[in-house]
Amino acid sequence: MSQADMQKLPEILCIGSVLWDVIGRSTQAMQAGSDVPGRVTRLPGGVAMNIAMTLRRFDLRPALLSVVGQDSEGIELIRKAEALDLNMNFLYRSEDLPTDQYLAIEGSNGMIAAVADAHSLEAVGDKILAPLENGLLGTAERPFEGLIALDGNLTVALLAQIAASPLFTKCDLRIAPASPGKAERLLPLLGHKGATLYVNVEEAELLCQQSFSDAQVAAQTLVARGSNRVLVTHGPKVAALADSQVCVLAAPPAVLPSRVTGAGDTFMAAHIAAELRGLRGVKALQSASNSAAAYVAGKSEG
């Protein structure tokens, strides 16, 4: 790549799931077997997509690395994403795999159940990383030097490959699990020297195989176990940011929740945006907590 080409590269890449979110929401409390009135929506989603959409609301310009099918669902998904001014030029377009999707049910008492169908993303493996190696975004000799947001919907094998790959040695790597059920996939990446890990307390417990009373203890334990830098959220309770030098805390504002899906992705993107604006430590953590609370309350902040 020439110096001119390097200067044209996106500053932020979002790697992971790009799919349709199908969300059923009710204003009533629900439990297993509930049958209640509500609303069903279908929107662009997936961890990588959610992070990218939030970054764009902060006037940043991310590009996405993922797989989207050439089916009608994939064509519509890309059209919707491009209408949001997202860079979809580096996607892997599969001819034979369907576009992934996510189904969730939410009540006034939070998430009731969810099913993530990311089989196409898992099936294509490292094909989604080709632009980082073939010169479009970097090469092994000149790896991408910007910020990369990586989600845990990738397979354990691919995440382990990324942990050891020369393609990721120069970037500012930000990592989030796709869900508590996939948190343990991130174990190979915990010791990555350039990584910042974003988890909630439940995910931290799965990674450490122990219980935590609060976000501070969880963050400090993850750092003690080799993580470079960690942010831990705890729902409406105090969040923590820790590295080998400090641990700072911030409490999100109290809000009446109207949605849950995507809150963690919003927190991560908002923290990235805050740091790119020059905020650090507790100020960046508080900014992210405020944005996530606004999102949960049904508002957008940017």
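Look above for the structure.
Cut-offs applied
Residues numbered from 1 in each chain as written. Predicted model: local features only at pLDDT ≥ 70, side-chain atom pairs only at ≥ 80, totals over all residues. Heavy atoms only, no water. Salt bridge = Lys/Arg side-chain N within 4 Å of Asp/Glu carboxyl O. Helix = DSSP H or I, 4+ residues; strand = E, 2+ residues; numbered from the N terminus. Buried < 20%, exposed > 50% of the residue type's maximum accessible area, 1.4 Å probe, protein only. Pairing = 2+ DSSP bridges. Axes fitted to C-alpha atoms, helices over the stretch in contact; angles between N-to-C directions. Contact = heavy atoms within 4.5 Å. Expected span 1.5 Å × (residues − 1). Phe/Tyr/Trp six-rings, centres within 6.5 Å; stacked < 30°, edge-to-face > 60°. Lys NZ or Arg CZ within 6 Å of the ring centre and 35° of its normal.

The next thing to look at is the pattern of salt bridges. Going through the model one piece at a time under the given rule, you end up with eight salt bridges. Notably, a salt bridge pairs Arg 56 with Asp 85, separated by 2.8 Å at the nearest N-O pair. Of the two residues, Arg 56 is situated in helix H2 (residues 47–57) and Asp 85 in the loop between helix H3 (72–83) and strand E6 (92–94); the sequence distance between them amounts to 29 residues. Owing to a relative accessible area of 16%, Arg 56 belongs among the buried residues under this scheme. Across the pair Asp 172 and Arg 174 runs a salt bridge whose closest N-O atoms are separated by 2.8 Å. According to the relative accessible area criterion, Asp 172 is partly exposed, its value standing at 29%. By relative accessible area, Arg 174 is classed as buried at 3%.

The next thing to look at is the sheet that holds strand E14 (residues 247–250). Across the sheet, which stays open at both edges, the eight strands sit in the order E4-E1-E9-E10-E11-E12-E13-E14 with mixed pairing between neighbours. Lying at the two open borders of the sheet, with one neighbouring strand each, are strand E4 (62–65) and E14. Averaged over all pairs of adjacent strands, the angle between strand axes in this sheet comes to 15°, irrespective of strand direction. Pairing analysis gives four bridges linking strand E1 (residues 12–15) to strand E9 (residues 147–151), with the strands arranged parallel. By the bridge assignment for E9, Leu 13 is matched with Ile 148. Each of strand E12 (229–234), strand E13 (237–243) and E14 is contacted by helix H9 (residues 281–296), which is oriented at about 35° to E14, the strand it contacts most.

So, about H9. Taking 1.5 Å per residue, 16 residues should reach 22 Å; H9 reaches 23 Å between its end C-alpha atoms and fits that length. When H9 is considered as a whole, its buried residues turn out to be Ala 284, Leu 285, Ser 287, Ala 288, Ser 289, Ser 291, Ala 292, Ala 293, Ala 294, Tyr 295 and Val 296. Looking at the packing, one finds that the buried side of H9 touches E12, E13, E14 and helix H8 (263–276). Of the residues flanking the end of H9, it is Gly 298, one or two places downstream, whose phi is positive at about 95°.

What follows covers the packing of aromatic side chains. For the structure on display, the rule yields one aromatic pair. Pairing Tyr 198 with Phe 267 gives two aromatic rings, centres 6.4 Å apart and planes at 75°, and the pair type is edge-to-face. One end of the pair, Tyr 198, is in strand E11 (residues 195–200); the other, Phe 267, is in helix H8, and 69 residues separate them in sequence. Take Tyr 198: its relative accessible area is 5%, and that puts it in the buried class. Its guanidinium or amino end placed over the ring of Trp 20, Arg 42 lies 3.9 Å from that ring's centre, counting from NZ or CZ.

Honestly, it's all geometry; don't read function into it.
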